[in-house]
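The chain contents come next:
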Amino acid sequence: MTAPPAQRGRRRVLATTLATLLSHYRRHPGQLAMLLLGLWVASALWSGVQAINASARDSYARAEALFESRLDRIERRDGEPLALAEYLDLRRAGAAVSPLVEGTLALTDGEGASRPRVRLLGIDPLTLPGDSPLARRQSSGEALRDWLLPPHRLRAAPDVAAAARADPRLPPVEVDASLPPATLVTDVGVAQRLLGLDGLTRLVIAPRAAAELPATLVRIPARQLASPGQLADSFHLNLTAMGLLALVVGLFIVHAALGLALEQRLGLMRTLRALGVPGRSLVVALGLELLTLGLAGAALGILSGVALARLLLPDVAASLDALYDADVGTRLALPWSYWLGGVAITLGGLATAGAGLLWRAARLDVLALGHAQAWRARLARQQRRQAVAGGVLLGLAGLVGLWLHLAHGQHLVAGFVMVTAALLGVALWLPTLLGGALRLAAGRLRRRPLWQWALADLQLQLPRLQLPMMALLLALAANLGVSSMVGGFRVTFLDWLDQRLLADLYIHPPAERYAALESWLDAQPEVATLLPARHADATLLPDDRRASDAAPAPVALFGLRPAPVLRASWPLAATRDGRDAAWRALEGGAVFVNEQLARRRAIAPGDAIRLRGADGNVHRLSVAAVYPDYGNPHGEIVMPVSRLARQFAAPPGSLGVVLTADATHRDAALSGLHERLTARFGPAVSETLIDQHALKAESRRVFERTFAITAALNGLTLGVAALALLTTLLAQADARLTQLAPLWALGVSRSRLVAAQLGQLAACALGTALVALPLGIALAWSLVAVINVAAFGWRLPLHVFPGQMATTLALAVVVAALAALLPAWRLWRMPPRRLLQEFAAT
Amino acid sequence: MLQLTDVAKSYPTPQGPLFVLDGIDLRLAPGESLALMGESGSGKSTLLHLAAGLDTPDRGEIVLGARALSSLDEAGRADLRRQRLGLVFQQFHLVPSLSVLDNLTLQARLADREDRDWTHHLIERLGLAGLEGRYPEQLSGGQQQRLAIGRALAPRPELLLADEPTGNLDEGAADQVLDLLRALIGESDCALLMVTHSARVAAPLDRCVHLHHGRLADRTP
């Protein structure tokens, strides 16, 4: 069917207009490359972060789907494996418990090659509670027979299925996409054989099923089991915020490049309008051009984002494992929504960046369209509107900050709104601030005509430079803010490690040898102080004297000996009557709570809390102090170890050993103690000995890895800002010649012109960096005092590092110099004939 | 072909509206050529813009063919311009990113009235043969203006509006361009309204009118 003539005519106008508009890029391929580069970088960083988030969410969903997190656990109080007899006794008593074996298995291919270590679970499908997904999978008779009878079956997560198939010890492998990464599941008997276990790791039971337990066993409700849930969400929210920042900075490039491409085609558009192209068709053609560019940029960006995610995912997985015990696979798992979302966000961002330009092009009448003067007059008005919008955003940031302060709010979204509004508000004010500074400086340079010209010329360039400078401001402020936060975190965390890991050695002996080892160590000449520690679980009950809607919450109990060496260095964030009084109160029956729990439940020193132990007894305890507990996502309560063992039946835990020897003789003392320990208690005990130095080194390694992705994204964002500046400079290089050629004709050499150009940009970037300094420090404060508290439950002290501030200033100049290098080099190499042409034209 | 009746146009200034055209009555017959003369700022270009539908008058009526421009919206005026008018500017306004051939056929393609024989004829007559693949910046001023005339005539318009078409050329090149313009107009049976401040340029045309302070001050038969 052929279209009616009018419709055919409109299509023809649109097609010819679009082809004519796009022909601009054929003559200016560099401009097109920069536009696509901006889109590509913005989309790649955003897509990379989203790919990481999507893969992590997939891992959480699979872990959530596994039966374990939905069932109560039954374990021995002393942490030892359960005997088969204990399981059978419970079954005979009518308890619907199911046996479970868990351990780490090093896979092998039978030829000694190194293979991954996996988590192996052994289950009994006959007794496993019926609503477990794994129980349902073996529900058919044939599947059950295969599972129970030799050679049995083994279900493997997709990432380790191939390695499992290569291991000759394992039963036939079936891939199960719903399993968490690096997990294998098989029959309980097969798992025992593979792990070399006689007993059972634990029993599981449906949450509502009744079971009378002997005193040696403890039941841990499913809801008390650690879940990455909210905390991991916070981590991903932070990642998303970084990705969003990169996207915004990238879109600044796009906006700048589009604006210049449009401005350079004003004459072309006027001609097209004069030749009979309706304004609407012109705007539609420009929209189609944006769509084409957007789709190309999105495709490039998403593919690169996936590659970036592949590169960063191992570090992120390590961070999540270290911070939240969350298992995240190192293989990408991307749902269809990821691909569509990537295209949508790129196109949406492009529409946002280009909408203003389309609107302005549509509103300008055809006779003014070709006059850059009209365009610039609008830019001046736009700058005034920008300043007003910036003021409104800063006001909003102030109001949200005030509300958060007054309401003691821990609202992550409100925190992000405050930070975003403040960043954008200051960015919108930047052109006004720079313009003011330039006017001030120009007035003082009357005796240096070239400098005066350079400053006046820079003022003329500001409308074009404002977007890349805003992008640079955001990137520098984010760089300084995040670096200060991470640097402050590092200093605080390492101090905290030194304070908490006081002992030179830590030993985790088997429960039955704990008492004997404690007495033996106490008698050794190398041992100055023994610091025994125990752990238990309890439930924090709502305060019965305060109106509160808080539900009972699981908390970890930590027992320590308040020895003088510990009292001197253990950090306390808040006390009522000072440190000494707090420690005396602890010995007299009070407890300390960690900052996370104190913030979550609004607990302050002097308050009373109610704890229900595993035996059901409720204890009312007074809080003597709040202590910082960085990196721990859980609520924790500290009390003397003797009381914890007595009141909460805490099993023996670890023994910390503070040596008498000074640093120079430490190794000799350590080695002597280790030898005698091995001789007295055997290698089973001495192998549990951990040197504090190694523990600290491992903690530092985990810390550095945790922030590896932050540093990577930070660097990339700064790179994007440099690209934004380069894009603008290259795109306006030809137009700049009309300003430079008359000066050259008046006797200013090309080398001085190049120096003036570089100086202009360095000054502009330096001014931007000076604005970025207070903004970055404000951002660091927001991160440690608002975002961190809302996301993780603890607050960091604000550290400002003069070295990082100097680095920020230097980075700004380096970024500007790098971006200006190529245009300056082109000017340097330009034949005089070209400058002569420009001079003749002006 | 073109009829202006009591047309007025003003621009706002801090001192009140400034009338650049006031009470203009003008008529142009099919195939007729008319020179519109006047000093700088007399309103010549404004009148041309109004006739082309690029701008709208404050008062009065402009009729092109049988259509009153006031009855058309922006898209309608653009359609009329595309299908029935040819425009030649003093600054040429060629598209720098299109080749000579693409520039020459641009309006014809927009109007869906591309005629290969006529295009070929124009290229020959305009002296652009062999230059089709070049870009405007690679042409001399005279060649660029001839190309702009070719672009305006390629869709065979009923009326050619030319704003100082030789203003940017030296005398010799200007004469060549004008001779060519008149000859091609004769071949395509097109009316011509040409703005100029030069009596020498205006002399060969059928009629000449003078604009003075926004009013038609003098008529030359």
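Residues numbered from 1 in each chain as written. Chains lettered and ligands numbered in written order. Predicted model: local features only at pLDDT ≥ 70, side-chain atom pairs only at ≥ 80, totals over all residues. Heavy atoms only, no water.

Peer 1: Would you take a moment to explain the overall build of chain B for this structure?
Peer 2: Helix and strand counts for chain B stand at seven helices and ten strands. Relative to its 221 residues, chain B shows a buried fraction of 56%. Of all intrachain contacts in chain B linking residues separated by at least 6 positions in sequence, the fraction that spans at least 24 positions is 71%. (Helix = DSSP H or I, 4+ residues; strand = E, 2+ residues; numbered from the N terminus. Buried < 20%, exposed > 50% of the residue type's maximum accessible area, 1.4 Å probe, protein only. Contact = heavy atoms within 4.5 Å.)

Peer 1: What's the story with the overall build of chain A in this structure? I'm lost.
Peer 2: Each helix and strand in chain A was counted, giving 28 helices and 18 strands. When each of the 842 residues of chain A is scored for burial, the buried share is 52%. Across chain A, contacts joining residues at least 24 apart in sequence account for 78% of those joining residues at least 6 apart. Working note: accessible area of chain A is about 36,500 Å², and carbon and sulfur atoms make up 60% of it. (Areas by Shrake-Rupley, 256 points an atom, 1.4 Å probe, with all protein chains shown as cover.)

Peer 1: Just checking my understanding: could you explain the environment of W147 of chain A for this structure?
Peer 2: Along the chain, W147 of chain A turns up in helix α5 (residues 141-148). Residues W147 of chain A and T186 of chain A lie 39 residues apart in sequence; the distance between their C-alpha atoms is 7.7 Å.

Peer 1: How should the pairing of strand β10 (residues 527-541) of chain A be read in this particular structure?
Peer 2: Side chains on a regular strand alternate between the two faces of the sheet. Residues and elements named next belong to chain A. Extensive coverage of β10 is indicated by the burial of eleven of its 15 residues. Here β10 pairs with strand β17 (residues 652-659) via seven bridges, running antiparallel. Bridging across to β17, A533 finds its partner in S654. Pairing of β10 with strand β14 (residues 608-612), which is carried by three bridges, proceeds in the antiparallel orientation. Counted as the bridge partner of L541 is R610 from β14. (Pairing = 2+ DSSP bridges.)

Peer 1: Sorry if this is basic, but what is going on with the interface of chain A and chain B here?
Peer 2: Often, the extent of an interface is quoted as the loss of accessible area upon association of its parts. Contacts between the two partners involve 23 residues from chain A and, on the opposite side, 25 residues from chain B. Summed over both partners, the interface of chain A with chain B comes to about 2,200 Å²; 58% of that surface belongs to carbon and sulfur atoms. On the surface where chain A and chain B come into contact, there are three salt bridges. Across the salt bridge formed by R27 of chain A and E137 of chain B, the nearest N and O atoms sit 2.9 Å from each other. Seen at the junction of chain A and chain B, the total is twelve residue pairs in polar contact (both at pLDDT 80 or more). Here the side of chain A that touches chain B takes nine residues from helix α1 (residues 5-27) of chain A, the largest share from any one element. Partitioning the side of chain A that touches chain B into residue classes produces nine nonpolar, eight polar and six charged. (Buried area = accessible area lost by both parts, 1.4 Å probe. Salt bridge = Lys/Arg side-chain N within 4 Å of Asp/Glu carboxyl O. Polar contact = N/O pair within 3.5 Å; in protein donor to acceptor, adjacent residues only side chain to side chain. Nonpolar A, V, L, I, M, F, W, Y, C, P; charged D, E, K, R; others polar.)

Peer 1: Explain helix α5 (residues 141-153) of chain B here, please?
Peer 2: Along an α-helix, residues three or four positions apart point the same way, because every turn accommodates 3.6 residues. Taking 1.5 Å of rise per residue, 13 residues should cover 18 Å, and α5 of chain B covers 19 Å from first to last C-alpha, within 8% of that figure. The buried fraction of α5 of chain B amounts to twelve of the 13 residues, a majority that puts the element mostly inside the structure. Those residues of α5 of chain B that fall on the buried side of the exposure criterion are G142, Q143, Q144, Q145, R146, L147, A148, I149, G150, R151, A152 and L153 of chain B. Contact partners of the buried residues in α5 of chain B: α9 (266-274) of chain A together with β6 (85-88), α3 (100-110), α4 (116-125), β7 (159-163) and α6 (171-188) of chain B. (Expected span 1.5 Å × (residues − 1).)

Peer 1: Sorry if this is basic, but what is going on with the sheet that holds strand β5 (residues 67-68) of chain B here?
Peer 2: Within a sheet, adjacent strands bond to each other through the backbone by hydrogen bonds, running parallel or antiparallel. Residue and element names in this part refer to chain B. Across the sheet, which stays open at both edges, the four strands sit in the order β2-β1-β4-β5 with antiparallel pairing between neighbours. In the strand order of this sheet, the two ends are held by β2 (18-28) and β5, each with one partner. Where strand β1 (residues 2-11) lies against β2, seven bridges are found, and the strand directions are antiparallel. For V7, the partnering residue across the bridge sits in β2 and is I24.

Peer 1: Explain the environment of S71 of chain B here, please?
Peer 2: Residue and element names in this part refer to chain B. Summarising the element assignment, S71 is placed in the loop between β5 and α2 (74-84). Under the relative-accessibility criterion, S71 is labelled exposed at 53%. S71 sits ten residues away from E61 along the chain, and the two C-alpha atoms are 9.8 Å apart. A polar side-chain atom of S71 sits 2.6 Å from the main-chain carbonyl oxygen of A68.

Peer 1: Looking at this structure, I do not really get the pattern of salt bridges. What am I missing?
Peer 2: Once the charged atoms of two side chains with opposite charge are near each other, the side chains can pair. Residues and elements named next belong to chain A. Within this structure, the stated rule accounts for 26 salt bridges over all chains. In this structure, E174 engages R155 in a salt bridge whose closest nitrogen and oxygen atoms are separated by 3.6 Å. In this pair, E174 is assigned in strand β5 (residues 173-175) and R155 in strand β4 (residues 154-156), connecting sequence segments 19 residues apart. Given the relative accessible area of 29%, E174 is considered partly exposed. In this structure, the salt-bridge partner of R576 is D577, at a minimum N-O distance of 3.9 Å. Through salt bridges with shared partners, a single ionic network connects R153, R155, E174 and D176.

Peer 1: In this structure, what is going on with the confidence of the model for chain A? I would like to understand it.
Peer 2: When pLDDT drops low, the exact placement of atoms in the prediction is not to be read closely. Residues and elements named next belong to chain A. Residues at a pLDDT of 70 or more form 83% of chain A, whose mean pLDDT is 79. Confidence drops under pLDDT 50 across residues 223-231; counting only partners more than four residues distant or on other chains, this segment forms 18 contacts. Here residues 369-373 is a poorly scored stretch, pLDDT under 50, and it has nine contacts once near neighbours within four places are set aside; other chains count. (pLDDT = per-residue confidence, 0-100.)

Peer 1: Teacher, can you tell me more about the packing of aromatic side chains here?
Peer 2: We describe a pair of aromatic rings using the distance from one ring centre to the other and the angle between the two ring planes. Under the defined criterion, the tally for this structure stands at four aromatic pairs over all chains. Judged by centre distance (5.6 Å) and plane angle (80°), the ring pair of W520 of chain A and F681 of chain A falls under edge-to-face. With a gap of 161 residues between them, W520 of chain A in helix α16 (residues 514-522) and F681 of chain A in helix α21 (residues 666-681) connect regions that are remote in the sequence. F681 of chain A carries the same exposure label as W520 of chain A, and that label is buried. Taken together, the aromatic side chains of F558, W570 and Y627 of chain A make up a single cluster linked through ring pairs. The ring of Y135 of chain B is capped by R27 of chain A, whose NZ or CZ atom sits 3.8 Å from the centre of that ring. Taking NZ or CZ as reference, R680 of chain A lies 4.8 Å from the ring centre of F681 of chain A, over its face. (Phe/Tyr/Trp six-rings, centres within 6.5 Å; stacked < 30°, edge-to-face > 60°. Lys NZ or Arg CZ within 6 Å of the ring centre and 35° of its normal.)

Peer 1: Honestly, a nonpolar patch on the surface in this entry has me stumped. Any pointers?
Peer 2: Residues and elements named next belong to chain A. Residues V284, L288, L291 and L295 make up a contiguous nonpolar surface patch of about 290 Å² in total accessible area. The topology assignment puts L288 in helix α10 (residues 279-324). You can call L288 partly exposed: its relative accessible area is 30%. (Patch = residues over 30% accessible without salt bridge, like charges linked within 9 Å, V, L, I, M, F, W, Y side chains within 5 Å.)

Peer 1: Teacher, can you tell me more about the pairing of strand β11 (residues 553-560) of chain A here?
Peer 2: All names here are of chain A. Among the eight residues in β11, six count as buried, and that is most of the element. Sheet topology places β10 next to β11; eight bridges connect them, and they run antiparallel. Across the sheet, the residue bridging to A533 is L560, located in β11. Of the pairings in the sheet, the one linking β11 to strand β16 (residues 636-640) comprises five bridges and is parallel in character. When the sheet's bridge partners are listed, L560 is paired in β16 with P640.

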